[in-house]
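Chain residues, written in single-letter form:
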Amino acid sequence: MPKIKITDTTFRDAHQSLMATRLRTEDMLPIAERMDSVGFHSMEVWGGATFDAATRFLAEDPWERLRAFKKLMPRTPLQMLLRGQSLVGYRNYADDFVDAFVQRSAEAGIDVFRVFDALNDERNLSRSAAAVKRAGKHLQMTICYSVTEEGRLGGPIYDLDYYLDRARVFRGMDADSVCVKDMAGLLAPYDSYTLISALKDALDVPVQLHTHYTSGMASMSCLKAIEAGVDVVDACLAPLALRTSQPAVEPLIMSLAGSEMDAGLDLEKLLEMGDYLESVLPKYREHLETPRTAVIDARVLSHQIPGGMVSNLTSQLRQMDALDRLPEVLAEIPRARKEMGYPPLVTPMSQMVGTQSVSNVLVGRYKMVSDEIKDYVSGLYGRAPSPIDPDVAAAILDDDAQPATGRPADLIEPELDKAREAVREISTDMNDALTYGLYPATGMKFLRIKYGLDPMPDDMKPKTLEEAQAERQTPAASVAAESGPPPEKSENARAYNVHVGGQYFRIEVDLADDEEDDASQDANVALGPAAEDVILAAPMPGVVARYTAQVGETIGAGDTIVTLEAMKMENSLPAPVSGEIKDFPTAIGSTVKKGDPLAIISPR
Ligand code: CO
């Protein structure tokens, strides 16, 4: 009997961490059978961001991916990461939705559910845990590992007592095993030894360690956990290991080979599959590329921000053409986190704090607040580990709002039927309704593509290796400033007040000469904004989720009029001035660029 067991994360966390979750099913299936033959304790293949990324970016059905894995990997238990009441989304869902999602996941092939809550609040885990047990599957209750500024086990919140208390509470919820989830790679080797030893003493079920290599400590922390008696550790194939991903499995098993903790896995088989990955990963170079030279991010030891979060922020800022603001955003995160009561930086808290930090830097502190942060401050995500800054809470909450103190999901109306109803014209498959319910905007887009109602956009299509290489050799088109003297302003030029976040621009718009002949007529006739109208422009790229006022309605400055889905959050955008809404020129569901007009208001 091998003494240490290994969960492989290559098909889920590894590519989520290193390549923004873009690995396609077609590139995983060729080694699925061989992976199944290795003898891993389990394989993490689903959940986390894979569900979102598959529907949002790849036009792939995550349910079909799971069924394909199950077919090719019948022997190895398949594992998913489930965010408690948030499932694979970014908010708490209603109990009926949670029950259905867990049941359907079990039916589609999940054997082990690794269930966690970003706040380690057991009330957010109880419903999904019960659903896992009801489905007869393995319930792995998970403690998110976090630290405060000192960066080590201990400190004012995250000490040994904290973790032992969580472990006892979670075990009491009928856990089949308990996992320590070190999503930021903050668990230092000797802290790992102390923590795992204490958990092994306190618990009568297996203990597993999930770490990230980010700071460079993970291999050492794994080894110390193994010495402390941990039952299972997570690792992945070398091509997708290290950096912000898991430790590599190959050196780990060689380190233990011949010892009483020998994992008993076949190194040659692992190397062959690594070679295969090396042959397909160049297709994804645009997602794999990193500006960093170092394999480790030693700075995480001081800023404690998970690597996955840094790579998300990097791609968000790049899309907004604001990559140069990354250092400011990284400096803002600890400040915002402290104001939010030191939540562990794990999904969805990491996205929420990260996204709020991005808008705090780009738009102004708490000028644009996501619905999610509002809900969190209202107590709808659960207990913050320490109190939320009262000044920040007051700025975010409505004047008379009282934060909730009960189980957050008790406040959520059943929503499964609504989701089924919303997709009924397209599909009666419950799994499709779940996909939509999880992500209404991008989920609906995906379903329309899946059922052939909309064409698949080119950027969602898979690429061959040759296409990826050809793309690399074609220089990107660039926009050059027009040369020569600027043309004279015509009498048709019109002035607009454009509000972008907290900033305000006055711009004058004139049609370019080459378009004037056929377009000027229309432009004058079209119902456009008058010179004194105020335009609320998108402060960042996103999708228009909804308008919360009507055309013709009189609104006050500061009233929320548009909800913009940006950076995976729904963000309330307030009216910059009081007045009458003249037009919402952009259709709901449309993708907008920074600066695109969202609302035209005649000021009063
Ligand atoms: Co992870």
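The shown structure was predicted, so the numbers you read here are calculated from the model rather than taken from an experiment. (Residues numbered from 1 in each chain as written. Predicted model: local features only at pLDDT ≥ 70, side-chain atom pairs only at ≥ 80, totals over all residues. Heavy atoms only, no water.)

*Asks:* Before we go on, may I ask you to explain the overall build of the chain in this structure?
*Replies:* Per the secondary structure count, the chain includes 24 helices and 18 strands. For the chain, the C-alpha radius of gyration of 25 Å lies close to 25 Å, the compact-globule estimate for 604 residues. When its C-alpha atoms are laid out on the principal axes, the chain stretches across 85 × 60 × 50 Å. Burial analysis of the chain (604 residues in total) assigns 55% to the buried set. Across the chain, contacts joining residues at least 24 apart in sequence account for 73% of those joining residues at least 6 apart. As displayed, the chain has an accessible area near 25,900 Å², and 51% of this comes from carbon and sulfur atoms. (Helix = DSSP H or I, 4+ residues; strand = E, 2+ residues; numbered from the N terminus. Rg over C-alpha atoms; globule rule 2.2 N^0.38 Å. Buried < 20%, exposed > 50% of the residue type's maximum accessible area, 1.4 Å probe, protein only. Contact = heavy atoms within 4.5 Å. Areas by Shrake-Rupley, 256 points an atom, 1.4 Å probe, with all protein chains shown as cover.)

*Asks:* For this particular structure, what's the right way to read the sheet that holds strand E12 (residues 542-547)?
*Replies:* One key point about sheets: their strands pair by backbone hydrogen bonds, in either a parallel or an antiparallel sense. One open sheet holds the four strands; their spatial order is E15-E14-E12-E17, and the pairing between them is antiparallel. The sheet terminates laterally at strand E15 (569-574) and strand E17 (591-592), the two strands that pair on one side only. Relative to E15, strand E14 (residues 560-566) runs antiparallel, the two being bridged by six bridges. What sits directly across from Glu565, in E15, is Glu570. (Pairing = 2+ DSSP bridges.)

*Asks:* Explain the packing of aromatic side chains here, please?
*Replies:* Two aromatic rings are characterised by how far apart their centres lie and by the angle between their planes. For the coordinates displayed, the defined rule picks out 15 aromatic pairs. Arranged with centres 5.3 Å apart and planes meeting at 10°, the rings of Phe11 and Phe69 form a pair that is stacked. Of this pair, Phe11 sits in helix H1 (residues 10-19) while Phe69 is found in helix H5 (residues 62-72), placing the two residues 58 residues apart along the sequence. An aromatic cluster is present here, built from Trp46, Phe51, Trp63, Phe101 and Tyr439 joined pairwise through their rings. Lying across the ring of Phe57, Arg22 places its NZ or CZ 3.6 Å from the centre. The positively charged end of Lys181 is found above the aromatic ring belonging to Phe116, 4.6 Å away from the centroid. (Phe/Tyr/Trp six-rings, centres within 6.5 Å; stacked < 30°, edge-to-face > 60°. Lys NZ or Arg CZ within 6 Å of the ring centre and 35° of its normal.)

*Asks:* What is the right way to read the coordination of the cobalt ion from this model?
*Replies:* For a metal with four donors in a tetrahedral arrangement, the ideal angle between donors is 109.5 degrees, while six donors in an octahedron ideally sit at 90 or 180 degrees. At 2.0 to 2.1 Å from the cobalt ion lie its protein donor atoms, namely Asp13 (OD), His210 (NE2) and His212 (NE2). In the primary sequence, the donor residues of the cobalt ion line up as D-x196-H-x1-H. Of the two residues examined, His210 and His212, each falls in the buried class. (Donors = N, O, S within 2.8 Å, 3.2 Å for Na, K, Ca; no water.)

*Asks:* What's the story with the side chain of Asp95 in this structure? I'm lost.
*Replies:* Summarising the element assignment, Asp95 is placed in helix H6 (residues 95-108). On the basis of relative accessibility, which here comes to 15%, the residue Asp95 falls in the buried class. Engagement of the side chain of Asp95 in a polar contact is seen with the side chain of Gln85, the distance being 2.8 Å. Once residues lying within four places of it in the same chain are set aside, the contact partners of Asp95 are Gln85, Arg127, Arg407 and Ala409. (Polar contact = N/O pair within 3.5 Å; in protein donor to acceptor, adjacent residues only side chain to side chain.)

*Asks:* Please explain the packing of helix H21 (residues 430-438) against helix H22 (residues 440-450) as it appears in this structure.
*Replies:* The angle between the axes and the distance between the axes are what describe a pair of packed helices. Orientation of H21 relative to H22, taken along the N-to-C sense of each, is 145°, at an axis distance of 6 Å. Packed against H21, whose contacting residues are Asp432, Thr435, Tyr436, Gly437 and Leu438, the element H22 presents Pro440, Gly443, Met444, Phe446, Leu447 and Lys450 at the interface. Taken together, the residues of the contact of H21 with H22 sort by class into six nonpolar, three polar and two charged. (Axes fitted to C-alpha atoms, helices over the stretch in contact; angles between N-to-C directions. Nonpolar A, V, L, I, M, F, W, Y, C, P; charged D, E, K, R; others polar.)

*Asks:* What's the story with the domain arrangement of the chain in this structure? I'm lost.
*Replies:* Size of an interface, as often reported, equals the accessible area lost when the parts are brought together. Domain parsing of the chain yields domain 1 (300-396) and domain 2 (491-603). Between domain 1 and domain 2, the contact holds 16 residues from the first and 15 residues from the second. Contact between domain 1 and domain 2 buries roughly 1,400 Å² in total, counting both sides, with carbon and sulfur atoms accounting for 64%. When the area that domain 1 buries against domain 2 is broken down by residue, the three leading residues are Met320, Met368 and Asp371, summing to 38%. Summed over the shared surface of domain 1 and domain 2, the number is one salt bridge. For the salt bridge of Arg546 with Asp371, the shortest nitrogen-to-oxygen distance reads 3.5 Å. Our count for the contact surface shared by domain 1 and domain 2 stands at five residue pairs in polar contact (both at pLDDT 80 or more). The dominant element in the side of domain 1 that touches domain 2, judged by the number of residues it contributes, is helix H17 (residues 349-362), at six residues. By residue class, the composition of the side of domain 1 that touches domain 2 is seven nonpolar, six polar and three charged. (Domains from an automatic or database assignment. Buried area = accessible area lost by both parts, 1.4 Å probe. Salt bridge = Lys/Arg side-chain N within 4 Å of Asp/Glu carboxyl O.)

*Asks:* What's the story with helix H10 (residues 218-227) in this structure? I'm lost.
*Replies:* Helical geometry note: an α-helix holds 3.6 residues per turn, so side chains three or four residues apart project in the same direction. Of the residues making up H10, those classed as buried are Ala218, Ser221, Cys222, Lys224, Ala225 and Ile226. Those residues of H10 hidden inside the fold are in contact with helix H9 (189-202), strand E7 (207-211), strand E8 (232-235) and helix H11 (249-256). Just beyond H10, the residue with positive phi is Gly229, at close to 100°.

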